[in-house]
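Coordinate inspection notes
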Amino acid sequence: MTTRALLLGTALAFACAAAAPAAEPSRREVGQIVYDQTPPTPPALQAAIAPYYNARSAVFEDWLDDGSILIATRFGDTNQIHRVIAPGAARTQLTFFKDPIGVALAQPKAERFVYLRDDGGAEYYQAYVRGLSGPETQLTTPGTRNSDFVFASDGKQVIWSQVTAGNPDNDIMLAPVDAPQNRKVIQHGKGANAPLDLSPDGKSLLFSRYNSATFVELFVLDIASGAVRPVGPTDRKVAYRGGAFTHDGRGVVTLSDDGADMARPVVFDLAGGAMRDLDPGAKWSAESFDLSPDGAVIAYMVNEEGYSRLVLKDVATGKLLPAPKLPLGVMTGLGFSPDGKSLAFSLSTSTSAGDVWSFALADQKLVRWTQSELGGLDPQQLVEPALFRYPTFDKRSIPAFIYKPAAKPGKKLPVVIQIHGGPEGQEQPSFNPRRQSWVNEVGAAVIIPNVRGSTGYGKDYLNLDNAEKREDSVKDIGALLDWIAKQPDLDASRVAVVGQSYGGYMALAVAAHYNDRIAGAIDLYGISNWTTFLKNTEGYRRDLRRAEYGDEREPKMAAVFDKISPLNMSARMKKPMMIYQGANDPRVPQSESEQMVARLRAQGTQVWYVLAKDEGHGVAKKQNAEAVRATEIVFLKEVLGAK
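Residues numbered from 1 in each chain as written. Predicted model: local features only at pLDDT ≥ 70, side-chain atom pairs only at ≥ 80, totals over all residues. Heavy atoms only, no water.

Thoughts on the sheet that holds strand β33 (residues 413–419)
- With mixed pairing, the 10 strands of this open sheet are ordered in space as β1-β2-β38-β37-β36-β35-β33-β34-β32-β31. Looking at strand neighbours, the two that pair on one side only are β1 (27–30) and β31 (386–391), the edges of this open sheet. Across the sheet, the mean angle separating the axes of adjacent strands is 20° when strand polarity is ignored.
- As paired strands, strand β37 (residues 577–582) and strand β38 (residues 607–612) are joined by 6 bridges and run parallel to one another. Within β38, the position partnered with Y580 by the bridge is V610.
- Against the sheet, helix α5 (residues 470–485) makes contact with β31, β32 (397–403), β33, β34 (445–449) and β35 (490–500), and its axis sits at roughly 110° relative to β31, the strand it touches most. (Pairing = 2+ DSSP bridges. Helix = DSSP H or I, 4+ residues; strand = E, 2+ residues; numbered from the N terminus. Axes fitted to C-alpha atoms, helices over the stretch in contact; angles between N-to-C directions. Contact = heavy atoms within 4.5 Å.)

In structure tokens form, the structure reads like this:
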């Protein structure tokens, strides 16, 4: 069958779905993916999609003591840990697994590192300490979920967070690296505890307790006695991000939004409790930071309308220090070298896949360590997005980016709206093969809005969609549809909405509330019923999600959930839909997608259902990503009438 014949046949199936009697669903398996009532991808389209996912990036993980670095990058099907001994040197692969390895932390005073590994995306991470040429030792107890590893300065002990299945409380563990069987609990769980830093003398631990995106507590634990004392005020809710002891151990550096809308670096005196602000009046939020080994310099990333800016300051005086001027893009990973002379980070732009750089503090020299490939993509075809804002129902201004293909005289562009997950997330202009493929292969304008509840715009904006205000963020998409209708080059009759995780809920809600204004929707592992989601999500996440979404055990909130759950609004969803799910997803279980598929099909709505048997919350494997993203494009071409 030709590509054109296939597309016409699928379009006819869409048109006839409501009128035709229900047929037995066609089902086929290709590799680890199950396609249910989903047509195959034409070979020509599959070939066109491949270069987008052949492109690879390099992400900074950590420095080794010898001045080489650990990075995460992909040569095969998944990201693995590699070592690069010098700028421009080869990437030497250190881990070899079918599942991705994306976190590595170097062990001080040793040529070893700890990395995390799960099975099929289930997120029950086990930790292993490994030499650069092997062997490796498992640090953690099977059946537990482990994260947030911190080494002692001499590298002999390691501390981390551990949680068991169904349990919302994280214990903090300590173990000798060379005798992990002697691991012990040093802080019993009470919420989402995570170690941050050990004091210079190794006697105290700084740890955080995450209650919600706007309420994170800091504590100092005396390891010998078990005594715990809070850092900062206790009479109000503050959100802290990260933390480190000062060089003398008498203070703590962290990012705080106390008394301000934006998070910025501050220093606490542990003895008296006084707070010193390193960036008073900050206009944009700081996102992450690192301290130089001598504690003299802080480096932190500021998020300005989605773009990253690197700032360096003297900790003692708050004086601004020289920092590199970087291309417009998004930074990840930030770390000083063990000698404190250089700072490493990753940088991705809309048109470059992402690489690792270092900045020398003495001579302000910026050095590129890796040169990642675009996988055969023509860089001239990659689109730089434009930042814009649009008005919404309560007169607020909603930020968004738009990617546009080359204009064709007299032709209006179809539109794809992609909504991020979280909801405490943010769409940023980093390299994204999916968006670029929608521009080039579908011929669509792609809009990525940051509706209320997104991070990056201050805590007031973050709180605008909490609990019973959940559907206000859906109204922000309605306002975006209004904006699209007013644009001379955009076709308001050909709009598709795409979302994953919480964004999947948003896509479903938009499909219900604005059915007559969209052509179709793609829901990837989205929440279809708030009550069943909160009951079935993994135990270590449940209370944290209740803090954001509301508690289904409270009658008032249960009534709200009953009203706003997409499953209960399915009768309004008449337009074609594609639903994707990872079978091992611990966050949004498979049952959320399958109950939505069953309900829509029972009422005659056309649904393509795609299930990956070896994935969790996302699509982590390259082979699966190519297959799922190609199916998305076939779907978008159909519903948007794109050629």
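Comments concerning helix α6 (residues 502–513)
- The end-to-end C-alpha separation of α6 is 16 Å, in line with the 16 Å expected for 12 residues at 1.5 Å each.
- With 11 of its 12 residues buried, α6 lies for the most part within the structure.
- Listing the buried residues of α6 in full gives Y502, G503, G504, Y505, M506, A507, L508, A509, V510, A511 and A512. (Expected span 1.5 Å × (residues − 1). Buried < 20%, exposed > 50% of the residue type's maximum accessible area, 1.4 Å probe, protein only.)

Concerning the pairing of strand β16 (residues 204–212)
- Along β16, 7 of the 9 residues are buried, which leaves the element largely enclosed by surrounding structure.
- In this structure, strand β15 (residues 192–198) lies alongside β16, joined through 6 bridges in antiparallel fashion. Bridging across to β16, L198 finds its partner in L205.
- Between the end of β15 and the start of β16, which pair antiparallel, lie 5 residues, with G202 showing a positive phi angle near 75°.

Describing the nonpolar core
- Of all hydrophobic cores here, the largest spans 60 residues; its most connected members are Y390, I417, I447, W483, I484, Y505 and W530.
- Listed in part, the 45 residues of the second largest apolar core include A55, V416, W438 and A612. (Core = buried A, V, L, I, M, F, W, Y, C linked by side-chain atoms within 4.5 Å.)

Looking at the environment of R542
- Here R542 is to be found in helix α8 (residues 539–549).
- Distance in space between the C-alpha atoms of R542 and V34 is 29 Å, their sequence separation being 508 residues.
- The contacts of R542, once residues within four sequence positions are left out, are L534, K535, N536 and T537.
- One polar contact links the side chain of R542 to the main-chain carbonyl oxygen of L534, over a distance of 2.8 Å. (Polar contact = N/O pair within 3.5 Å; in protein donor to acceptor, adjacent residues only side chain to side chain.)

Side note on the pattern of salt bridges
- Throughout the structure, instances matching the rule amount to 37 salt bridges.
- Between D482 and R517 there is a salt bridge, with its nearest N and O atoms 2.7 Å apart. One end of the pair, D482, is in helix α5; the other, R517, is in the loop between α6 and β36 (520–524), and 35 residues separate them in sequence.
- E626 serves as the salt-bridge partner of K622, at 2.5 Å between the closest nitrogen and oxygen. Taken together, the residues span about one helical turn, with K622 and E626 both in helix α11 (residues 622–640) at a distance of 4 residues. The same class applies to K622 as to E626, namely buried.
- The structure contains a network of salt bridges with shared partners spanning D543, R546, D551, E552 and R553. (Salt bridge = Lys/Arg side-chain N within 4 Å of Asp/Glu carboxyl O.)

Function cannot be inferred from these measures alone, as they are strictly geometric.
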